[in-house]
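Chain and residue survey
One-letter residues, chain by chain:
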Amino acid sequence: MTSFNRSTSRRLKKLTQIPSVWEGDRRPLSSPSQHSDSEAKGECILWVDYSQGVVRGMDVVASDIGPEAIVRTLMQAMEHPQSPARPARPQRIVVKDREIQFYLRGVLQDLDIAIDYAPELPLIDELFRGFADILDSQTPDLPPQYAQILREKAFAIWQAAPWEFLEEQQILSIEINKWDVGTLYASVMGMLGMEYGILFYRSEESLKQFRAAVLRDEESTEHLEEAFLKQDCLFLTFESADETDEEDDLADLPLSEIDPTFGNIHPLEGLRSVLYDEEALVILVAIESLSRFIRDHRRQLHEDIFPTLSRRYRISLPQSEESTKSIAVTVSTMPQLAAELEEMAGFGVDDPEIGNLDFQSLQDDLIPEDSFLSLGVVSWEMLEYLRKGVSYHPAGEIKQVGDGLPVILIQTSRPKAKTVIERIETVGGLRAICFNPGADSFDGDRYDLGLLQTQNGELFLFGEFLDEDPIHVEARKKWNQRCKNTKGYCGLIIAKGLTGASRGNPQLRDMMALFEARSLSPKDLGIGTLQLMPQLKFE
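This structure is a prediction, so every number in the text was calculated from the model and none was measured. (Residues numbered from 1 in each chain as written. Predicted model: local features only at pLDDT ≥ 70, side-chain atom pairs only at ≥ 80, totals over all residues. Heavy atoms only, no water.)

**A short note on the overall build of the chain**
We apply this condition: For the purposes of this entry, the term helix denotes a DSSP run of H or I that reaches at least four residues, the term strand denotes a run of E that reaches at least two, and both are numbered from the N terminus. Any residue under 20% of the maximum accessible area for its type is buried, any over 50% is exposed, and the rest in between are partly exposed; the area is computed with a 1.4 Å probe on protein chains only. Whether two residues are in contact is decided by their heavy atoms, any of which lying within 4.5 Å being enough. Every accessible area reported is derived by Shrake-Rupley at a probe size of 1.4 Å, with residue values counting cover from the shown protein chains alone.
If you tally the helices and strands in the chain, you get 14 helices and 23 strands. The 539 residues of the chain split such that 49% are buried. In the chain, 68% of the contacts between residues at least 6 apart in sequence involve partners at least 24 apart. Working note: accessible area of the chain is about 27700 Å², and carbon and sulfur atoms make up 47% of it.

Structure below.
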């Protein structure tokens, strides 16, 4: 058994011994009426002076901490007690745990303190009853009768992963017409791999106001926080259950390590991660109807053009909702609102001449077949060096937002690079860069086709990427976000050194030309899905 150092014992014995009886105990923090894990909440250690009716020492420790913790708290109670008590040594200590009694007798044997046992500790019992009352009076994050089913529905949404094919501006309306809620407007977060969840706006106006505020004040943290708190919505978000995993992508974690969080945001209430009964029912119905809609229309929602869809569902309510057993809910896509939000964000192209040219054919003879190709980003600092050191073709004033300018890098041999540059310059330069859907009718494969549009309207294929390629999917997510940050500006870099030491990683000295351009969406381009024809060319 561990005992005090001799010097510590001598120091404690110098304390004035008062004719008082102290009570001591350690107990779980959770209330008996709560169904929480007491080990997760820890234990509370209390030392009180029963004679004077004051708390002398208190600490909260993990449940697996040994009996040394109760001695450490006792030392604090003696040498550094809570006000108004003064440093002192008790004449007698009473505990209700035999193990603690025997342990303290061994540790404190040199301090002339009697260690007794009692089945009840009146003052400590009263204090812990007060703690339990406080815990019982706290509002739980979710109404107990709906907590389990809400978590189950949340995990169903997580596994459905709507953020893999729905962007934030592709809004779904959920018409409920109950509990003073008419229609919710669901915005799915997560396509960018940063924050996963769903915002259920109570009005279309609130959604638009928040988007407008974010676009207006995207560089002001203070204004963004104010705009965030002015939203009027319910929310479901997903976080890592282990706070140490913050750097990991949630999508890579097992389901057991995902923690759903529910809450409400309102201009007059601010943010609260607590749902009351009616709010819990509303979000329960919204999640269930949304899950069914995603299940029924997953294929259509994967299309590049946001489709017009609507479906009605009968949603059963929990048994505790006695007045109504089920309600009818209608879920619909909102392509017109999505287009309006994209226009607000300036995503796509605002030049009326871009994307409206007649499409005649797609050429694939501009980029050499053996070229190295990558989607990436050039930092703003590096961009300035490029503009001064290579053949540079600007597209307009680019606002420096985010980590840099999104670029397509094409590396080939020096002679071939010169040919590509000259050919683009001959037709007036580069107008736009686009990713457009393509399909192979022979084997059923679907592609994401990388296209370059020159100033004379010609389209050139620079890359064919399988839709299911996870590396390309991740690269495209980053490309989309960066183009949003730059309001649609991007670039094409032509580099040499394909067969040298810098193959696949060209340095500044290898870069020969920078063509700035605009990013086009398939809708802006307006040519639909391109089919692979027998001649093995997309037309």
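**Description of the sheet that holds strand E3 (residues 54-61)**
We apply this condition: A strand pair is defined by DSSP finding two or more bridges across the two strands. All axes are obtained by fitting lines to C-alpha atoms, using only the stretch in contact for helices, and the reported angles, taken between N-to-C directions, cover 0 to 180 degrees.
The sheet built from 5 strands is open, its strands ordered E3-E2-E1-E4-E5 with mixed pairing. Both outer strands of the open sheet, E3 and strand E5 (114-117), are each paired with one neighbouring strand and no more. The mean angle between the axes of side-by-side strands here comes to 20°, regardless of whether they run parallel or antiparallel. The pairing of strand E2 (residues 43-49) with E3 spans 7 bridges and is antiparallel. Bridging from a neighbouring strand, Val48 pairs with Val55 of E3.

**A closer look at helix H4 (residues 98-107)**
Put simply, the rule reads: Whenever two N or O atoms come within 3.5 Å, that pair is a polar contact, provided that in protein one can donate a hydrogen and the other can accept it, and provided that, for residues adjacent in sequence, both atoms are side-chain atoms.
Those residues of H4 lying buried are Ile100, Gln101, Tyr103, Leu104 and Val107. One side-chain oxygen at the N-terminal end of H4 lies 2.8 Å from the backbone nitrogen of Glu99; it belongs to Asp97.

**Remarks on the side chain of Ser332**
Within the secondary structure layout, Ser332 lies in strand E13 (residues 326-333). Taking relative accessible area as the criterion, Ser332 reaches 15% and is therefore assigned buried. Reaching out from Ser332, the side chain makes a polar contact with the side chain of Ser310 at a distance of 2.8 Å. Not counting the four nearest positions on each side in its chain, Ser332 is found in contact with Ile171, Leu172, Ser173, Leu309 and Ser310.

**Comments concerning unusual backbone geometry**
Note that the residue after Ser83, namely Pro84, is joined by a cis bond; omega there is 10°. Residue position: Pro84 is located in the loop between helix H3 (68-79) and strand E4 (89-95). Look at Asn177: it is not a glycine, yet its phi comes out positive at around 55°. Considering the arrangement of structural elements, one finds Asn177 in strand E6 (residues 172-178). If you check the backbone angles, Asp180 has positive phi at about 60° while not being a glycine. With respect to the helices and strands, Asp180 occurs in the loop between E6 and strand E7 (181-189). Judged by its relative accessible area of 83%, Asp180 falls in the exposed class.

**Re the sheet that holds strand E9 (residues 233-240)**
Strand order in the open sheet formed by 8 strands is E11-E10-E9-E8-E7-E6-E13-E12, and the pairing between neighbours is antiparallel. Two strands close off the open sheet at either side, each with one partner strand: strand E11 (270-272) and strand E12 (310-316). The sheet shows a mean angle of 25° between the axes of neighbouring strands, direction not considered. Bridge analysis of E12 against E13 gives 7 bridges, and the strand direction is antiparallel. By the bridge assignment, Arg312 is partnered in E13 with Thr330. Across the sheet, helix H6 (residues 144-160) touches strand E8 (196-201), E9 and strand E10 (258-266), and the angle it forms with E10 is around 105°.

**Notes on the packing of aromatic side chains**
By convention here, two paired aromatic rings are described through the distance between centres and the angle between planes. Where we set the bar: Pairing of aromatic side chains requires ring centres within 6.5 Å, counting the rings of Phe and Tyr and the six-membered ring of Trp. Pairs whose planes differ by under 30 degrees are stacked, by over 60 edge-to-face, and all others tilted. Only when the NZ of Lys or the CZ of Arg is both within 6 Å of the ring centre and within 35 degrees of the ring normal is a charge said to sit over the ring.
For the structure on display, the rule yields 8 aromatic pairs. Every member of this aromatic cluster is reached through a ring pair, and the members are Trp158, Trp163, Tyr196 and Phe238. Above the plane of the ring of Tyr117 lies Arg98, whose end atom (NZ or CZ) is 3.7 Å from the centre. When the ring centre of Tyr489 is taken as reference, the NZ or CZ atom of Arg518 above it lies at 4.2 Å.

**Quick word on the pairing of E7**
Of all the 9 residues making up E7, 7 are buried; the element is thus mostly covered by neighbouring parts of the structure. Looking at chain direction, E6 and E7 are connected through 5 bridges and run antiparallel. Looking across to E7, one finds that Lys178 is bridged to Val181. Hairpin connection between E6 and E7: a loop of 2 residues separates the two successive antiparallel strands, and Trp179 in this loop has a positive phi of roughly 55°. Both E7 and E8 contribute to a ladder of 5 bridges, which runs antiparallel. Residue pairing in the sheet places Ser187 in a bridge with Leu199 of E8.

**Some details on the pattern of salt bridges**
To keep things clear, this is the line we draw: For this analysis, a salt bridge means a side-chain nitrogen from Lys or Arg found within 4 Å of a carboxyl oxygen belonging to Asp or Glu.
Applying the stated criterion to the full structure yields 27 salt bridges. Here Asp125 and Arg27 are joined by a salt bridge, their closest N and O atoms 2.5 Å apart. Of this pair, Asp125 sits in helix H5 (residues 122-137) while Arg27 sits in strand E1 (residues 17-28); the two residues are 98 residues apart in sequence, bridging distant segments of the chain. Classification of Asp125 by relative accessible area gives buried; the value is 9%. The buried category is assigned to Arg27, whose relative accessible area is 16%. Ionic pairing is found between Asp448 and Arg476, a salt bridge with its closest N-O pair at 2.5 Å. A residue pair is termed long-range when its members are at least 10 positions apart, and Asp448 in strand E19 (residues 446-454) and Arg476 in helix H13 (residues 470-485) qualify at 28 residues.

**Comments concerning the packing of H6 against helix H9 (residues 277-301)**
Our working definition: Throughout this description, any angle smaller than 35 degrees is read as roughly parallel, any larger than 145 degrees as roughly antiparallel, any in the 65 to 115 degree range as roughly perpendicular, and the remainder as oblique. The handedness criterion is simple: a crossing whose near helix is rotated anticlockwise from the far helix by less than a right angle is left-handed, and one whose near helix is rotated clockwise is right-handed. Gly falls in the polar group here, along with every residue not listed as nonpolar (Ala, Val, Leu, Ile, Met, Phe, Trp, Tyr, Cys, Pro) or charged (Asp, Glu, Lys, Arg).
Taken N-terminus to C-terminus, the directions of H6 and H9 make an angle of 30°; their axes are 10 Å apart at the nearest point. When the axes of H6 and H9 are compared, the pair comes out roughly parallel. In the packing of H6 onto H9, the handedness of the crossing is left-handed. From H6, Gln145, Tyr146, Ile149, Leu150, Lys153, Ile157 and Ala160 reach across to H9, where they touch Asp277, Ala280, Leu281, Ile283, Leu284, Ile287, Glu288, Leu290, Ser291, Ile294 and Arg298. Split into classes, the residues belonging to the contact of H6 with H9 amount to 12 nonpolar, 2 polar and 4 charged.

**Some details on the pairing of E5**
This is how it is decided: Convention used here: a crossover is right-handed provided that the path from the first strand, over the helix, to the second strand proceeds clockwise when the strands point away from the viewer.
In this sheet, E5 lies alongside E4 in parallel orientation, the contact comprising 4 bridges. For Val94, the partnering residue across the bridge sits in E5 and is Asp116. Traced from E4 through H4 to E5, the parallel crossover comes out right-handed.

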